[in-house]
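Examination of the molecular architecture
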Amino acid sequence: AVPSEKVCIVHLGPLEVLKDARYSGWASSFGPSVVHIALHHSTTHRPIIFHGQAENIGMLENILGTQFFHHPKSSINEKLPFERTLRPSQLKNSSALNEKGTPKAPSRNFTVFQTGHDFEYVSGESQMEYHLAPPESVGLDISHVLPAHDISSLAATPSVTKEVLESTSIPDSDEDRPAFMKGLARGTSAAVTFLGTGAAIPGKMRNVSSIYVDMFSRGGWLVDCGEGSLGQLMRALGDERGREALASLRCVWISHMHADHHLGLAGILAARPMSAPPLAVVGPRALQRWLLAFSEHTGEPLSYLFHDSSTLCEHAMPGSASSYFREHMGLDVLCVPVIHCSHAYGLVLTDLVRGWSLVYSGDTRPCPALARAGRGATLAIHEATFGSDLRAEAILKRHSTVREAVALCGPGETNMAAYRTILTHFSQRYPRMGPVWELEMDKTVAIAVDFMRVDFADLPELPRIMGPLRKAFEDEMPVELSQEALAAELEPPIADEES
């Protein structure tokens, strides 16, 4: 039956379905009073919606250039070229009338498209609303939709002058560099892109844990995969390169079973093309059960080769898992039990072809076993959830403070002695920048932010960013956490026991 009042239909199907004559014929049968909103990723654009995060990385890019900092990318769906203002009849009554009570058109354009019948789909946008009641407010509400974000207009922080940049540069001698790095060119070894550097839950400036390790022609790895990792990957690389990265992904490695480290995995697996090579997934045994349960309840088939982390530990029996990574990827993979929850691991990844090694701590207290296993690493990426003034909380929740992480990865007979260290996994009480005020002028340590990208060829230059960052964020202070964030951060570090 054709409705007699204005209503809204939300279409979750892909563009191919909406174009089908049978579907569009059914949709058009509801009459001209209906507003049709299309919400599939093939019927929408990918604008920058996290404006604060974009402004943060844009400021850093303007301060220090694009060597390490790249602002997130938006994309336009070229299959939806028709853009115009919405008709007043499509809008809720209160927003469609001007002060004289006559219809008005919105000031900005929205994407609408047709599929062969005499009606239109409105491409959905973040914070677009449709009001069902009361009668005077029925209709589409666009008053909260964010305007297009122009990051190019951001200017560098005035306090970070050329003199500051020069005075805080830290020279690096050739003698300090690992042998494989001498004469190393960008794009030939590996690069890490931080997709999320926050702890517990997503924040305004930081997503939760995920790192993309790009090995260029040899494919890539995701090290941890918190919720939103797929979106962050596409924003970091752009749609075209993001799709290529998904297709060439070789492994997703999950440190432990806390949601901020694995909840984005199913989305990554579902988004990969069917023609892509097999994807290895490494994690605690409970992760495999979680993936099976996800497929069972959603009906979404997921393709992957699962390897239990415990089979890649130092004293594990030699088996197919370690052989698989050596033979198919030229990598030695070592999982190290760390001090957090049950079945929590750190990672030591060694490239048997290029000669570099990467250590990732996952979530942990300072772990001597990880320091021993990763001794002399090219790059150590270590969690630093809390500032040193919150050491008691760090001990209680089995996390590390900034100074503890720096000490463990630094020089010393019992420490890791990594060539470079990057700190990550900061409490959301540090919204824009980790506690840079705790770091001395150290030529080996840097702090990560979302969308920061570090090519191994640029590791010698990495510490020079800390002086300008300290200056740019010298007035940055911790913020008070919301009840939700505080509860997530202080949740006991317990994971389900495995059978």
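Let me begin by describing the structure that accompanies this report. Treat the numbers as computed from the prediction; the structure is a model and nothing was measured.

Remarks on the overall build of the protein
If you tally the helices and strands in the protein, you get 15 helices and 20 strands. By sequence separation, contacts in the protein at least 24 residues apart represent 68% of the contacts at least 6 residues apart. Looking at the protein as shown, the accessible area adds up to about 22300 Å², and 54% of this sits on carbon and sulfur atoms.

Things to note about empty space enclosed by the protein
Scanning the entire structure with this criterion turns up one cavity of 30 Å³ or more. Counted as a void, the largest cavity has a volume near 60 Å³. Every residue lining the largest cavity is listed: Q53, N56, I57, L60, T197, M205, R206, P431, R432, V449 and D450. Classifying every residue of the lining of the largest cavity gives five nonpolar, three polar and three charged.

Concerning a nonpolar patch on the surface
A surface patch of nonpolar side chains, amounting to about 290 Å² of accessible area, comprises V10, L12 and L39. Along the chain, the position of V10 falls in strand 1 (residues 8–11).

Here's the deal with the side chain of T401
Along the chain, T401 turns up in the loop between helix 12 (391–397) and helix 13 (402–409). Not counting the four nearest positions on each side in its chain, T401 is found in contact with A384, F386, G387, S388, R391 and A394.

What to know about helix 3 (residues 51–64)
The end-to-end C-alpha distance of helix 3 is 20 Å, a good match for the 20 Å that 14 residues give at a rise of 1.5 Å each. Burial runs high along helix 3: 12 of the 14 residues are buried. What helix 3 keeps buried is the set H51, G52, Q53, A54, N56, I57, G58, M59, L60, E61, I63 and L64. Residue G65 follows helix 3 closely and has a positive phi angle near 85 degrees.

Focus on the nonpolar core
Membership of the largest hydrophobic core comes to 94 residues, with the highest contact counts inside it found for W221, F325, L423 and I465. Among the elements that line this core, the one with the most residues is helix 3, at five residues. Residues within four places of L423 in sequence aside, it is in contact with H382, A384, V402, A405, V406, L439, V445, A446, I447 and A448. Of all hydrophobic cores here, the second largest spans 16 residues; its members include L334, A377, C409 and M416.

Definitions and cut-offs
- Residues numbered from 1 in each chain as written.
- Predicted model: local features only at pLDDT ≥ 70, side-chain atom pairs only at ≥ 80, totals over all residues.
- Heavy atoms only, no water.
- Helix = DSSP H or I, 4+ residues; strand = E, 2+ residues; numbered from the N terminus.
- Contact = heavy atoms within 4.5 Å.
- Areas by Shrake-Rupley, 256 points an atom, 1.4 Å probe, with all protein chains shown as cover.
- 1 Å grid on protein atoms, 1.4 Å probe; cavity = no way out; pocket = protein on both sides within 12 Å on 5 of 7 lines; lining within 4 Å.
- Points joined across faces, edges and corners; volume = space filled by probe spheres on them.
- Nonpolar A, V, L, I, M, F, W, Y, C, P; charged D, E, K, R; others polar.
- Patch = residues over 30% accessible without salt bridge, like charges linked within 9 Å, V, L, I, M, F, W, Y side chains within 5 Å.
- Salt bridge = Lys/Arg side-chain N within 4 Å of Asp/Glu carboxyl O.
- Expected span 1.5 Å × (residues − 1).
- Buried < 20%, exposed > 50% of the residue type's maximum accessible area, 1.4 Å probe, protein only.
- Core = buried A, V, L, I, M, F, W, Y, C linked by side-chain atoms within 4.5 Å.

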